[in-house]
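# Secondary and tertiary structure notes
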Amino acid sequence: MHLMHAILSPKGFNRFVSRWIGALWAVTLLMLVIGLPWALVVAPTDYQQGESYRIIFLHVPSAWLSLMGYTMLAGLGFVVLVWRVKLAEVMAEAIAPVGAAFTLLALVTGSLWGRPMWGTYWVWDARLTSELVLLFLYLGWMALSQAIEDRRAAAKACGVLALIGVVDIPIVHFSVEWWNTLHQGPTITRLDRPAMHLSMLAPLLWMYFALFTYAATVSLMRARDIWLEREANHPWVAELMRTGAVPGGPDSPARPGPPIAPRDLTAGA
Amino acid sequence: MTPRQRRLLGAFAVLAGVATAAAVLLSAVSENLLFFYTPSQVAAGEVPADRNVRVGGLVVSGSIERNPDSLAVRFQVTDMARVVSVSYQGILPDLFREGQGIIAQGRIDANGVLQATEVLAKHDENYMPPEVAATLAMKGEGPLAPVHMNANPADARPASTQP
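Structure report, in brief. Bear in mind that the values here come from a model prediction, so they are computed numbers and not experimental data. (Residues numbered from 1 in each chain as written. Chains lettered and ligands numbered in written order. Predicted model: local features only at pLDDT ≥ 70, side-chain atom pairs only at ≥ 80, totals over all residues. Heavy atoms only, no water.)

## Side note on a nonpolar patch on the surface
Residue and element names in this part refer to chain A. Together, Leu36, Leu40, Val41 and Val42 make up an exposed nonpolar region whose accessible area comes to about 380 Å². Take Val41: it is sitting in helix α2 (residues 10-42). Classification of Val41 as exposed rests on a relative accessible area of 63%. (Patch = residues over 30% accessible without salt bridge, like charges linked within 9 Å, V, L, I, M, F, W, Y side chains within 5 Å. Areas by Shrake-Rupley, 256 points an atom, 1.4 Å probe, with all protein chains shown as cover. Salt bridge = Lys/Arg side-chain N within 4 Å of Asp/Glu carboxyl O. Helix = DSSP H or I, 4+ residues; strand = E, 2+ residues; numbered from the N terminus. Buried < 20%, exposed > 50% of the residue type's maximum accessible area, 1.4 Å probe, protein only.)

The structure is reproduced here in structure tokens:
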């Protein structure tokens, strides 16, 4: 219980993230430094698509993360609606733009891949359309969150929206099986063995974990900042500003940082 | 019932309601979500005439006839059950070849030939190095194995897939 509180409280979360964020960045960079050359140079060319298929190492992890991000928004929304957990509110707010970015990346890389392979940048087939809907669901979530001033009320409204929108996730995933699409069927998540040679599958999974680590790192940093902003008037934040752990305090050394609202400064006085 | 239980029930109700609505909606519009028709659907008369339609299938091995003086090309697509002839004039995508899954868009004329205005290549879900694909094709397996209609697969000559 003590450990739970140490991480779940705003102050404990701040300390936890601040302590581990450097290590998380190191792991992220290490995985990318290994993964990118592996995927873009070492992995063999494809029998059919030659070198062009290598965009898969960015496209597929992005698409997976886009689905995972919204699933997490819905799960966190559920927790917010039922148990009113503040950490869930903050994490959802932190994850949303990261998921939206990966959705956009999946759409753009897919489009660039489609032009040489399929012969078109875009078609309105079920897979592409449902993924585009997912981008709008993310954007709608973010717009709704910004439209409501009260953070707790915003989290509740967004939780309902995420629970409604999550229905798109199975549609994206199964679209290639339920309907005829231009997009090909599943390569890896199918019942028999993956339709990808191990020499390509291994770097693909590696790149997925690398980008997952990146997404988690960025989300945790965002969550930490969102919580600092929310609790800007609380004594523990003022204390952090005074010691210089957070920029903006009266005694903090001059360094670049986001502009601090006046009330944040008065909180430290 | 405590407020928390009521909220739990409410959240589940939202999920169940949305899932039901989506299932009903999708099953209602399922037909319109098909990106293309299969040759079997064309043969069964499910495809509207005088309308722009897309037909998808594999290019039958040995069916490609190119006009040496123009970009005109004729070929057949199959879903391994029925065949549709396609006539097209224009640049084909890089992946277009025998055995490849393609989607042709156009009108089906009185002779049952699809007069295509656009041909898209539908690459498959297989990824492998060229050597592996070649080895599989030698055994008459894998994505590079030839696609024949009304032919015994045992007769398929691996050499016929080589460009």
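## Considerations on the interface of chain B and chain A
Counting from both sides, the interface comprises 40 residues of chain B and, opposite them, 43 residues of chain A. In total, about 3600 Å² of surface goes out of reach between chain B and chain A, with carbon and sulfur atoms giving 65% of it. Looking only at chain B, the three residues that lose the most surface to chain A are His123, Glu125 and Tyr127 of chain B, adding up to 21% of its buried area. Our count for the chain B to chain A interface comes out at zero salt bridges. Between the two partners, chain B and chain A, sit 17 residue pairs in polar contact (both at pLDDT 80 or more). Counting only elements with at least two residues in the side of chain B that touches chain A, the list comes to α1 (3-29), β6 (114-122) and α3 (130-138) of chain B. Broken down by element, the residue count for the side of chain B that touches chain A peaks at 11 residues, all from α1 of chain B. Residues of the side of chain B that touches chain A, tallied by class, amount to 27 nonpolar, six polar and seven charged. (Contact = heavy atoms within 4.5 Å. Buried area = accessible area lost by both parts, 1.4 Å probe. Polar contact = N/O pair within 3.5 Å; in protein donor to acceptor, adjacent residues only side chain to side chain. Nonpolar A, V, L, I, M, F, W, Y, C, P; charged D, E, K, R; others polar.)

## What to know about the pairing of strand β1 (residues 53-59) of chain B
Residues and elements named next belong to chain B. The buried count for β1 comes to five of seven residues, which makes it a mostly enclosed element. Strand direction decides the pairing type here: β1 and strand β5 (residues 101-108), joined by six bridges, are antiparallel. Residue pairing across strands places Gly56 opposite Ile103, the latter belonging to β5. Pairing of β1 with strand β3 (residues 72-78), which is carried by two bridges, proceeds in the antiparallel orientation. From the neighbouring strand, Val59 faces β3, where its bridge partner is Val77. (Pairing = 2+ DSSP bridges.)

## Section: the environment of Thr135 of chain B
Residues and elements named next belong to chain B. Structurally, Thr135 is set in helix α3. Of the residues examined, Thr135 reaches a relative accessible area of 47% and is grouped as partly exposed. C-alpha separation for the pair Thr135 and Ile102, spaced 33 residues apart in sequence, amounts to 24 Å.

## Considerations on helix α6 (residues 151-165) of chain A
Helix length check: α6 of chain A, at 15 residues, gives a terminal C-alpha distance of 20 Å against a target of 21 Å (1.5 Å per residue), a fit within 8%. On the buried face of α6 of chain A, the contacting elements are α3 (56-83), α4 (86-117), α5 (126-147) and α7 (168-178) of chain A together with α1 of chain B. (Expected span 1.5 Å × (residues − 1).)

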